[in-house]
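Fold and contact review
Here are the chains, one letter per residue:
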Amino acid sequence: MTDLRYYLGKLRRYAGARLYGQLAAMVALGLFDGVGLYMLVPMLGLLGFLGNGAGSVPFAEEGLETLRELPESLALPLSLAVYVLIVAAQAFFQREQSVRGARLQQGFIRHLRLTLYDSLLHSNWPFFIRRRKSDFHHLLTSELARVSQATHLFLQLTSSLVFTIIQIGIAFWLSAELTAVVLVSGAVIALAMRGRIRRAKEVGNRNSELSLSYYAGLNDHFSGIKDIKSNRLEASYLDWFRALTGRMEANFTAFARLQASTQSLYRIAAAALIALFVYLSFEVLRVGAGQLLLIVILFARLWPRFTAIQAGAEQIVSAIPAFQGLRRLERECGEAREPEEERTIEDERVRFAHAEIECRGVSFRYGGGSDYALRDVTVTIPAGKMTAIVGKSGAGKSTLADVLMGLLEPESGSVLFGGRPATGDARVALRHAVSYVAQDPFLFHASIRDNLLCVRPNAGEEELWDALRFAASDEFVKRLPEGLDTIVGDRGVRLSGGERQRLVLARAILRKPSILVLDEATSALDTDNEEKIRQAIDRLKGTMTIIVIAHRLTTIRGADQVIAMERGEASVRKDYRQDPA
Ligand SMILES: Nc1ncnc2c1ncn2[C@@H]1O[C@H](COP(=O)(O)OP(=O)(O)OP(=O)(O)O)[C@@H](O)[C@H]1O
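Please read these numbers as outputs of a predicted model, since none were measured by experiment.

A word on the overall build of the protein
- Helix and strand counts for the protein stand at 20 helices and 10 strands.
- Counting every position in the protein, which comprises 581 residues, the buried fraction comes to 30%.
- Expressed as a percentage of contacts within the protein between residues at least 6 apart in sequence, the contacts between residues at least 24 apart total 79%.

See the structure below:
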């Protein structure tokens, strides 16, 4: 419940006065509903349905008198017209309120999405390497929708409660004894239903677990779809899918059953109560016909609210795991938030353009494990030169690059740029000056142009082609039927591995970085294209610091220095031919 309260607080801060306006409108609508209903009494009296019973209903006799003073031909049409007007006004008001409510709810969802997405993007790199990406999808889509829906439902429930209390007040005024009977019965039923709330929470927990597995599974399967297809693994994945969706279906059905039986229990209880009323009214309390009619109508409307409150409570409780999951993620993002940086991209480019990078006794372990990925690494990377990092798989090359880029913070030792330590916001700001090209390059499902412009939105056509030429990709882009406007497919699937690598390299250059990091970035290229890139990198020397991680000796031929990594330890060699890898 504290998690629900937390999100209600968020809603209050987000919506401000609008929230109270909305709640007041919900209550006003409920009252309006009651007025329309109450108007029926004098009308029924006018038609003679109540005999002298209207007198037992407060204000009904006065209303009836006013109607009787009017000419007979006018009284009924006039009172019916007033009734229709009241209901029409209520319908109009209801429409307005529904639209405002939807706007408020959608605005709140967007606000939650934005704050969560922002926190995720500003979380540090170790936060991401510890987690499954599909968990973020799950929380940002399905769980967030459940949270917003439950928050909205809670508001509806609150206004429903206020209105129910008002109606109970009116009912008390009409007949305290009968109302007391209904309330006691309602309380007894609510107590008997407590176990159902617990069951709703269990179903909600299972729902969260199952949908988490569903998202994670789908994500893995479609990421590995090529493996599945080429190894004919469809049948086993289908079995998994069938089993999981079967459990999801059973869980949803269990919840529907729970809700449906709650409804029917309340309905049966309502029939029993009405029967009890009629009996008590005639045989024991001897209330008038008009009063009895009004009470029956009032309770016929009041009782469904009790049912709705119980059903709403079950639904809200079933969403509590979603509240907990979302809040946990928010908290963890908050703890992993990178320091805010106030410097501009240009500041950083200038600052790092001619800065020598120095690692002094840097050690690092992943997740506080016992194995060091980097052990007491002391190296200097000269500015404007090309440094190669070589070593066997698992030797610590990528970890060293991540530390140099400020993605990972050393456990001990320090990294200095131009003699100044890169800590706190400086470590984050440093990345403005870095362009990184990974072994498995990432492209959006968009055109080549958009994929390039995302790093420098105002780059001109000529600059795009210059970058492409640099990365030896101008020729293949020109050959494509739609040139720069060709859609590359999901993660660039419509291009070859080498073409993807070259495009990402072009993008990295277009950014005009001060430090260029290539992590096995030419591994998918043929000898000709690799040679072209090597020559282009040679030309870049002097304009930026280049760090190349590579296995192939050909890639690092032009390196000014080689850092050889072995089990997390680094040694510097001047000549690439001494490379032990
Ligand atoms: N996210 C991680 N969590 C835990 N351990 C990790 C993680 N990433 C890397 N390691 C471990 O750290 C060590 C260094 O890994 P790193 O990726 O830096 O090696 P590498 O030299 O770049 O290897 P490769 O050439 O295969 O990419 C390895 O023992 C690896 O198992």
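Focus: the sheet that holds strand 4 (residues 412-417)
- Across the sheet, which stays open at both edges, the 4 strands sit in the order 2-1-4-5 with antiparallel pairing between neighbours. A single partner strand is all that each edge strand has here, and the edge strands are strand 2 (374-381) and strand 5 (420-421).

Some details on the site of the ligand
- Near the ligand you find Ile129, Tyr366, Gly367, Ala373, Gly391, Ser393, Gly394, Ala395, Gly396, Lys397, Ser398 and Thr399, and these make up its full shell.
- With 3 residues, helix 14 (residues 397-404) is the largest single contributor of residues to the shell around the ligand.
- Residue classes in the shell around the ligand are distributed as 4 nonpolar, 7 polar and 1 charged.

Structural notes on the nonpolar core
- Residues Ala506 and Val548 are the most contacted members of the largest nonpolar core, which totals 71 residues.
- The leading source of residues in this core is helix 19 (residues 497-510), at 7 residues.
- If we ignore the near neighbours within four places in the chain, the residues touching Ala506 are Leu452, Ala467, Leu468, Phe470, Ala471 and Ser473.
- Membership of the second largest hydrophobic core comes to 18 residues, among which are Tyr7, Leu139, Val203 and Leu329.

Quick notes on the sheet that holds strand 6 (residues 434-437)
- Pairing in this open sheet of 6 strands is mixed, and the strands run 6-7-8-3-9-10 from one edge to the other. Each having just a single partner strand, strand 6 and strand 10 (569-573) make up the two edges of the open sheet. Neighbouring strand axes in the sheet, compared pairwise and without regard to direction, differ in orientation by 15° on average.
- With 5 bridges joining them, strand 3 (residues 386-391) and strand 9 (residues 561-566) adopt parallel strand pairing. Each bridged residue has a counterpart across the sheet, and for Ile389 the counterpart in strand 9 is Ile563.
- Sheet strands touched by helix 14: strand 3, strand 7 (515-519), strand 8 (545-549), strand 9 and strand 10. Its angle to strand 8, the strand with the most contacts, is close to 155°.

Regarding the pairing of strand 7
- In terms of residue burial, strand 7 counts as a mostly covered element, since 5 of its 5 residues are buried.
- Of the two faces of strand 7, both are covered, the one formed by Ile515, Val517 and Asp519 as well as the one formed by Leu516 and Leu518.
- Pairing between strand 6 and strand 7: 4 bridges, direction parallel. Considered in strand 7, the bridge of Tyr436 is made with Val517.
- As paired strands, strand 7 and strand 8 are joined by 5 bridges and run parallel to one another. Bridging across to strand 8, Ile515 finds its partner in Thr545.

Quick word on helix 19
- Under the 1.5 Å per step criterion, the end-to-end length of helix 19 is 20 Å for 14 residues, consistent within 8% with the ideal 20 Å.
- Contacts from the buried residues of helix 19 go to strand 6, helix 16 (448-453), helix 17 (461-470), helix 18 (474-479), strand 7 and helix 20 (527-540).
- Directly beyond the C-terminal end of helix 19, a positive phi value near 55° is found at Lys512.

Thoughts on unusual backbone geometry
- Positive phi, close to 45°, is recorded for Asp376, a residue that is not glycine.
- Looking at the secondary structure, you find Asp376 in strand 2.
- Asp376 sits in the partly exposed class, given 15 other C-beta atoms within 10 Å.
- The backbone of Lys512 shows a phi angle near 55°, a positive value even though the residue is not glycine.

Let's talk about the UniProt feature "transmembrane region" (unreviewed entry) in the protein
- With numbering matched to this structure, UniProt assigns "transmembrane region" (unreviewed entry) to residues 20-41, 74-93, 153-174, 180-197 and 265-282.
- Counted over residues 180-197, helix gives 94% and strand 0%. Its end C-alpha atoms are 25 Å apart.

Observations regarding the environment of Glu283
- The residue Glu283 is located in helix 10 (residues 234-285) in this model.
- Along the backbone, Glu283 and Ala433 are 150 residues apart, and their C-alpha atoms lie at a distance of 89 Å.

Quick look at the packing of helix 1 (residues 2-15) against helix 6 (residues 133-174)
- Following both chains from N to C, one finds helix 1 and helix 6 inclined at 80°, their axes separated by 10 Å at the closest point. When the interaxial angle is binned, helix 1 and helix 6 end up roughly perpendicular. Packed against helix 1, whose contacting residues are Leu4, Tyr7, Leu8 and Leu11, the element helix 6 presents Val147, Thr151 and Phe154 at the interface.
- Classifying every residue of the contact of helix 1 with helix 6 gives 6 nonpolar, 1 polar and no charged.

Here's the deal with the environment of Leu153
- By the element assignment, Leu153 lies in helix 6.
- Taking the number of C-beta atoms within 10 Å as the measure of exposure, Leu153 has 18 and is therefore partly exposed.
- Distance from Leu153 to Val455, taken between C-alpha atoms, is 42 Å for residues 302 residues apart in sequence.
- Setting aside residues no more than four positions away along its own chain, Leu153 makes contact with Gly312, Gln315 and Ile316.

Considerations on the pairing of strand 3
- When you tally the buried positions in strand 3, you get 6 out of 6 residues, the bulk of the element.
- Where strand 3 and strand 8 come together, 4 bridges link them in parallel fashion. Among the inter-strand pairings, Ile389 is bridged to a residue of strand 8, identified as Ile549.

Side note on the confidence of the model for the protein
- Of all residues in the protein, 89% have pLDDT values of 70 or greater, and the mean over the chain is 82.
- Averaged over each element, pLDDT in the protein is lowest for helix 13 (residues 345-353) (59) and highest for strand 2 (93).
- Listed scores for the predicted complex are pTM 0.75 and ipTM 0.96.

Here's the deal with helix 4 (residues 72-121)
- The first and last C-alpha atoms of helix 4 sit 74 Å apart over 50 residues, in line with the 74 Å expected at 1.5 Å per residue.
- Of the positions making up helix 4, those classed as buried are Ser79, Phe108 and Leu112.

Reading guide: rules and limits
- Residues numbered from 1 in each chain as written.
- Predicted model: local features only at pLDDT ≥ 70, side-chain atom pairs only at ≥ 80, totals over all residues.
- Helix = DSSP H or I, 4+ residues; strand = E, 2+ residues; numbered from the N terminus.
- Buried ≥ 20, exposed ≤ 12 C-beta atoms within 10 Å, placed from the backbone.
- Contact = placed C-beta atoms within 7 Å.
- Pairing = 2+ DSSP bridges.
- Near = placed C-beta within 6 Å.
- Nonpolar A, V, L, I, M, F, W, Y, C, P; charged D, E, K, R; others polar.
- Core = buried A, V, L, I, M, F, W, Y, C linked by C-beta atoms within 7 Å.
- Axes fitted to C-alpha atoms, helices over the stretch in contact; angles between N-to-C directions.
- Expected span 1.5 Å × (residues − 1).
- UniProt positions renumbered as here; feature names shortened; annotations may be inferred.
- Parallel < 35°, antiparallel > 145°, perpendicular 65-115°, else oblique.
- pLDDT = per-residue confidence, 0-100.

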